[in-house]
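Observations on the three-dimensional arrangement
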Amino acid sequence: MANDLDHDAPLAPAAPPAWSEAMTLAAQEAGLTLDTPQGPSVSAAIERLSTRIGLWAGSETLAKETRTLVEAGQIAFDPALIRAALAPGAELAMSAALIHWPADRGEEMQALSRAQTLLAAGAKLGIAGAPSPAALDALDAAARMCAPEGVAILVCPPSGEPARSLVVESTARARAGAALAAGARTLDASLADLAIEAVRNGLNAEHGGVQRKAAAARLAGAPDADIVAALAGAVARGAYTEAIDAGADPSRCRVAIAAPELGGHPLMAPAGAAVDPTGAVAADDECNVIAASVALHRFHHAGAFDLDGFETAVRTLVRALDSAHGAHGASARRPIVIRLEGMAAMLLRAGLAYDSGEARNTAAAVAALAHAAAIAESNAMANTLGAYPDWQNAKRSEEARVRAARDAATTLTGDIAARAQALYRALPSGKSNAGLHTSIAIALAKDGAGARRLGLSAPGLAPSPSHFAFGVREDGGFGRLLSEDARAALAALGYDNQEIAALSRHIEGRRTLKGAPGVSHDRLAELGFTEPALEAIEDAAANAFHLRAVVHPLVLGADFCKDVLKLPADVAAGKRGDLMMTLGFNEAEIAAAEAYCIGASDLRNAPELREADAAVFAPADAIAPDAPIAMAAALAPFARVALDITLTTADFARRQELAEAARAAGVSLMAIHTQAPPITLTLAPLQEAEDAAVAPQTHEQPATAAQQSPERIGRRRLPERRKGYIQKSVVGGHKVYLHTGEYDDGELGEIFIDLHKEGAAFRSLMNNFAISISIGLQYGVPLEEYCDAFLYTRFEPAGEVKGNDTIRHATSILDYIFRELAVSYLGRGDLAQVDPFDARGDGLSKKAQDAESAARLISRGFARGAAPDNLVMLRPRAAVESLRDRRDEKATARPAATGYRAEPCGACGHFTVDQAGVCAACGVKGEAKGN
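Description of the structure in this document. (Residues numbered from 1 in each chain as written. Predicted model: local features only at pLDDT ≥ 70, side-chain atom pairs only at ≥ 80, totals over all residues. Heavy atoms only, no water.)

Another aspect to go through is the overall build of the chain. Across its full length, the chain carries 33 helices and 24 strands. Taking all 931 residues of the chain together, the buried fraction comes to 49%. Counting only contacts in the chain whose residues sit at least 6 apart along the sequence, the fraction spanning at least 24 positions is 70%. Per element, the accessible surface of the chain, about 42,500 Å² overall, is 53% carbon and sulfur. (Helix = DSSP H or I, 4+ residues; strand = E, 2+ residues; numbered from the N terminus. Buried < 20%, exposed > 50% of the residue type's maximum accessible area, 1.4 Å probe, protein only. Contact = heavy atoms within 4.5 Å. Areas by Shrake-Rupley, 256 points an atom, 1.4 Å probe, with all protein chains shown as cover.)

Summarising the element assignment, aspartate 188 is placed in helix H7 (residues 161–200). Given the relative accessible area of 11%, aspartate 188 is considered buried.

Now for the nonpolar core. With 101 residues, the main nonpolar core has Phe77, Phe310, Leu461 and Phe638 as its most contacted residues. Sorting elements by how many residues they give to this core places helix H13 (residues 357–385) first, with 15 residues. (Core = buried A, V, L, I, M, F, W, Y, C linked by side-chain atoms within 4.5 Å.)

Let's shift gears to unusual backbone geometry. For the bond from glutamate 796 to proline 797, the omega torsion is 0 degrees, close enough to zero to count as cis. In this structure, proline 797 sits in the loop between helix H30 (783–790) and strand S23 (799–802). Not every positive phi belongs to a glycine, and arginine 334 is a case in point at roughly 45 degrees. One can find arginine 334 in the loop between helix H11 (307–328) and strand S14 (336–341).

What follows concerns the pairing of strand S15 (residues 440–444). In terms of burial, S15 is largely enclosed, as five of its five residues are buried. Burial of the side chains of S15 extends over both faces: Ile440, Ile442 and Leu444 are buried on one face and Ala441 and Ala443 on the other. Looking at chain direction, S14 and S15 are connected through four bridges and run parallel. Looking at the pairing, arginine 339 lines up with alanine 443 of S15. By the bridge criterion, two bridges tie S15 to strand S18 (residues 640–647) in an arrangement that is parallel. Across the sheet, alanine 443 pairs through a bridge with arginine 640, a residue of S18. (Pairing = 2+ DSSP bridges.)

Looking at where alanine 192 falls in the secondary structure, it is placed in helix H7. A relative accessible area of 11% places alanine 192 in the buried class.

Take the packing of aromatic side chains next. Under the criterion given, the structure shown has ten aromatic pairs. Seen from their ring centres, phenylalanine 299 and phenylalanine 310 are 5.5 Å apart, and the 75 degrees between their planes marks the pair as edge-to-face. Of this pair, phenylalanine 299 sits in the loop between strand S11 (287–295) and strand S12 (300–301) while phenylalanine 310 sits in helix H11; the two residues are eleven residues apart in sequence, bridging distant segments of the chain. Between tyrosine 388 and tryptophan 391 the ring centres are 5.8 Å apart and the planes differ by 85 degrees, which places this aromatic pair in the edge-to-face class. The structure contains a cluster of three or more aromatic residues connected by ring pairs, namely Phe769, Tyr786, Phe790 and Phe818. The ring centre of tyrosine 495 lies 4.0 Å from the NZ or CZ of arginine 610, which sits over that ring. (Phe/Tyr/Trp six-rings, centres within 6.5 Å; stacked < 30°, edge-to-face > 60°. Lys NZ or Arg CZ within 6 Å of the ring centre and 35° of its normal.)

Bringing helix H18 (residues 497–508) into the picture now. Between its first and last C-alpha atoms H18 spans 16 Å; for twelve residues at 1.5 Å apiece the expected length is 16 Å, and the two agree. Turning to H18, its buried residues are Ile500, Ala502, Leu503, Ser504, His506, Ile507 and Glu508. You can read the cap of H18 off the contacts: a side-chain oxygen lies 3.2 Å from the backbone nitrogen of glutamine 498, and it is on aspartate 496. Of the residues one or two after H18, glycine 509 is the one with positive phi, at around 90 degrees. (Expected span 1.5 Å × (residues − 1). Polar contact = N/O pair within 3.5 Å; in protein donor to acceptor, adjacent residues only side chain to side chain.)

Two numbers describe how H7 lies on helix H9 (residues 224–231): the axes approach to 8 Å, and their chain directions differ by 30 degrees. Relative to H9, H7 is oriented roughly parallel. On H9, the residues that touch Leu191, Leu194, Ala195 and Ala198 of H7 are Asp226, Ile227, Ala230 and Leu231. Along the lines of polarity and charge, the residues of the contact of H7 with H9 split into seven nonpolar, no polar and one charged. (Axes fitted to C-alpha atoms, helices over the stretch in contact; angles between N-to-C directions. Parallel < 35°, antiparallel > 145°, perpendicular 65-115°, else oblique. Nonpolar A, V, L, I, M, F, W, Y, C, P; charged D, E, K, R; others polar.)

Within the open sheet, the five strands sit side by side as S22-S21-S20-S23-S24. Their pairing is antiparallel. Edge positions in the sheet fall to strand S22 (748–755) and strand S24 (809–810), since each has one partner strand and no second. Two strands pair when backbone bridges link them, and strand S20 (residues 726–731) and S23 are joined in this way by two bridges, in the antiparallel orientation. Residue valine 730 lies in a different strand from S23, and its bridge partner there is lysine 802.

On to the pattern of salt bridges, then. Within this structure, the stated rule accounts for 31 salt bridges. Of the charged contacts, one joins arginine 144 and aspartate 140 as a salt bridge, the two residues approaching to 2.8 Å between their closest N and O atoms. Of this pair, arginine 144 and aspartate 140 both sit in helix H6 (residues 133–146), four residues apart, roughly one helical turn. According to the relative accessible area criterion, arginine 144 is partly exposed, its value standing at 37%. The class of aspartate 140 is buried, set by a relative accessible area of 5%. Several salt bridges share partner residues, and in doing so they unite Glu65, Asp308, Glu311, Arg315, Arg319, Glu377 and Arg419 into one network. (Salt bridge = Lys/Arg side-chain N within 4 Å of Asp/Glu carboxyl O.)

This next bit is on helix H14 (residues 391–409). Its axis deflected by about 30 degrees at serine 397, H14 carries its strongest bend there. Packed against the buried residues of H14 are H13 and helix H15 (415–426). (Bend = angle between axes of the 7 residues up to and from the residue.)

Right, let's talk about a nonpolar patch on the surface for a bit. On the surface, a nonpolar cluster with roughly 260 Å² of combined accessible area is contributed by Ile771, Ile775 and Tyr779. Relative to the assigned elements, tyrosine 779 resides in the loop between helix H29 (760–778) and H30. (Patch = residues over 30% accessible without salt bridge, like charges linked within 9 Å, V, L, I, M, F, W, Y side chains within 5 Å.)

Tracing the sequence through the fold places glutamine 727 in strand S20. Looking at glutamine 727, its side chain comes within polar contact range of the side chain of serine 729, at 3.3 Å. When neighbours within four sequence positions are excluded, glutamine 727 is seen to be in contact with Val736, Tyr737, Leu738, Gly803, Asn804 and Tyr816.

Before going further, it helps to spend a moment on the pairing of strand S19 (residues 669–674). Remark: a regular strand shows side chains that alternate across the two faces of the sheet. Bridge count for strand S8 (residues 267–268) against S19 is two bridges, and the pairing is antiparallel. Bridging across to S19, leucine 267 finds its partner in alanine 671. Taken together, the six bridges between S18 and S19 define a ladder with parallel strand orientation. For leucine 643, the partnering residue across the bridge sits in S19 and is methionine 670. Between the parallel pair S18 and S19, the chain is carried across by helix H27 (residues 655–664), and the sense of this crossover is right-handed. (Right-handed = clockwise from strand over helix to strand, strands pointing away.)

Here it is, written out as structure tokens:
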């Protein structure tokens with residue numbers, strides 16, 4: 001079955017040794033791959049790319065230098081140039097294009113045709129002017145066809161009424177799109193709810209619950225035809241939401257408007273100039289630009305910056321990009337852009353705090369060196385090939401910019417600045433100056449795609465260096481590791497190998513509770529923990545991601561928790577409560593012990609880290625928004641800078657102040673986003689069992705399967721057509737497919753386990769094991785018992801888990817399978833190594849704002865496209881309790897609630913009617929029992 005699914009799966013592309021998996025994936029997305037007899041190859045594509053660049057320039061030396069730099073991951077070309085170099089015939093190669101939009105509406109068709117040609121060539125488009133709404137719609141449609149993702153067009157209208165009109169219109173469309181999407185979800189949910197209620201009540205349109213759902217659907221705006229279809233039990237699941245996804249959304253997702261002044265608009269750019277969507281290119285004149293990226297952190301080795309290597313890379317890029325201009329036609333000034341990526345990682349490697357004068361000096365010196373080297377190379381090319389065609393018109397402005405950069409460089413200190421100053425001084429002046437062969441721009445932009453191709457998590461000036469990563473530790477376990485950038489930073493700060501090892505342990509964790517603060521072996525022994533129990537905890541700590549998964553009833557055993565620790569049966573079974581909190585530990589003690597045992601995500605709290613060095617390892621959210629603006633001001637004489645700043649509620653009041661500071665710093669493009677406090681939506685229904693436990697039952701309860709005698713237990717057969725899911729994962733390098741089957745109420749009833757390319761005996765054993773588990777589930781064996789028995793079992797294959805959003809490591813295939821089932825069906829988030837509500841996947845996250853999006857989880861095939869299965873949306877518990885409290889305040893004489901009645905609500909059909917006669921689900925009130 002599943003064993004045949006991936007026999008023809010594509011092989012991972014062959015890539016240079018220095019490349020990470022993320023870099024290889026980004027190269028594939030950019031088109032840097034070729035099919036070879038051995039399979040897809042990034043290395044072969046690099047060979048052809050560098051060879052083609054050498055042919056364009058007529059230089060084999062340039063081809064070799066380009067290949068060496070790309071294979072080392074030090075430079076990366078844009079997708080447009082990659083496509084032109086790998087294509088059989090000559091194609092246009094441009095990273096960005098700047099155009100002016102005509103004020104005459106009669107000329108818009110011609111401008112649209114030009115824009116479509118440029119977008120088809122792979123260029124990001126910067127437009128100076130104010131296109132009409134119809135033209136913006138056409139531009140957005142063209143960009144949707146040409147651009148795979150993200151904003152492809154940035155419109156910079158002139159100041160005054162044109163800018164205000166465009167901003168107002170764009171904002172209104174975005175709000176209309178949000179409202180339309182919310183309305184679509186509401187319509188889909190109301191119709192689905194109506195269809196479910198109708199089917200549940202035998203398609204009886206006169207039933208009270210069906211009438212209520214029909215009224216709700218009509219109030220939501222559902223057409224009568226859809227209401228009639230839903231009453232018949234037939235509804236197109238998610239039809240309105242799909243219409244939004246198919247393009248009915250009026251908001252323009254590929255076109256952005258940049259206002260000259262921030263105001264209430266999140267995007268700001270200078271008025272009158274065209275700026276591309278990344279902020280790397282800005283000019284008053286129209287032009288086509290070719291760009292490439294340099295990874296700064298790859299030039300920082302052994303505590304020093306490689307001046308010669310960096311200068312050579314910049315000079316090589318100037319020649320390579322100019323050769324593409326020559327091969328495919330160019331603007332009059334032959335403009336090129338060299339983006340500097342990984343500035344924060346480079347500063348971290350140098351041991352400098354991002355928000356410090358030393359960091360700003362170093363960053364400015366690197367940008368100055370890049371600018372000086374590029375200008376020197378362009379001038380050298382002009383001596384042999386001549387200046388670019390428009391040099392005479394641009395001479396005065398170009399020379400003024402070089403003088404300003406040269407003067408600004410004299411204020412910088414250090415070896416990098418000294419090299420830049422020497423290059424500036426060596427530039428010819430007066431009549432001996434042959435000019436520039438290509439117009440140069442250095443940029444720190446918001447190009448996330450370029451950063452990914454160089455293996456970086458954040459582009460431009462984003463202050464987010466990586467201090468840790470996940471991987472295999474020296475002891476063979478899987479977890480956090482101190483990143484190479486952080487290790488280089490510690491070495492630069494003077495830490496020796498022993499101190500770095502200690503700080504690495506702070507990140508990785510000591511994987512033991514011996515000597516831990518808070519929750520330690522001594523404290524646990526005082527509470528009655530025996531030696532076998534402590535050994536079990538030590539075994540669990542080896543590969544755990546949370547301390548609560550280490551000190552847990554499933555690790556210790558329910559009998560130990562009940563007999564030795566004297567815990568209630570449900571707590572001892574791990575079904576209720578937090579064991580460590582129950583034992584008397586507070587959150588501070590648990591957090592301290594978790595950092596000691598499992599590891600920390602922040603170096604600043606490490607006792608081995610000197611207090612003076614804490615600022616070097618500050619995470620991005622701990623760096624004030626003023627820091628990137630100050631950095632941009634230091635870089636402004638040498639490079640164009642674009643900023644993307646996220647403000648919390650604490651900094652929101654300074655929004656306008658920060659915008660003005662960015663304008664004064666010379667930022668070419670600035671986006672300010674606001675981050676709202678975390679919003680958690682509770683989707684769990686009311687816990688009727690808790691209410692029933694508090695109050696005495698007034699009617700006889702039927703015996704459960706567990707309470708029945710063995711003679712009365714029967715097998716609960718699954719429906720012929722059943723729900724479930726398939727989870728594909730790789731455990732320790734071995735593919736595992738887990739299939740589940742569910743009853744109509746969502747309870748697990750069967751599992752299938754398929755292994756990929758394993759021996760026949762092992763596959764058959766696992767298949768029969770799954771059958772035995774399924775039979776047990778159908779005879780009433782609780783899933784908790786199976787999880788208790790098989791979690792933490794140890795045998796090969798084991799190790800890192802790939803393909804699962806919530807589980808990163810398993811000690812065996814059985815440990816993985818029952819960990820996944822416990823997380824998915826028992827709500828055991830403590831067994832997940834990533835919060836299951838943070839791992840979005842196809843489910844709901846903590847930030848989900850609507851329960852209707854859960855309909856995406858339902859199989860269209862199972863429902864045959866007619867109805868969204870048996871999904872029922874309930875109010876969050878807090879909302880129901882609040883509503884109940886308000887009713888209690890209004891009630892003058894109401895009997896005390898003693899649990900839910902045995903009969904269903906006459907309006908909605910749910911068994912949520914309390915003893916006072918009020919339905920907790922729909923709010924309808926009937927006669928109180930006994931009145």
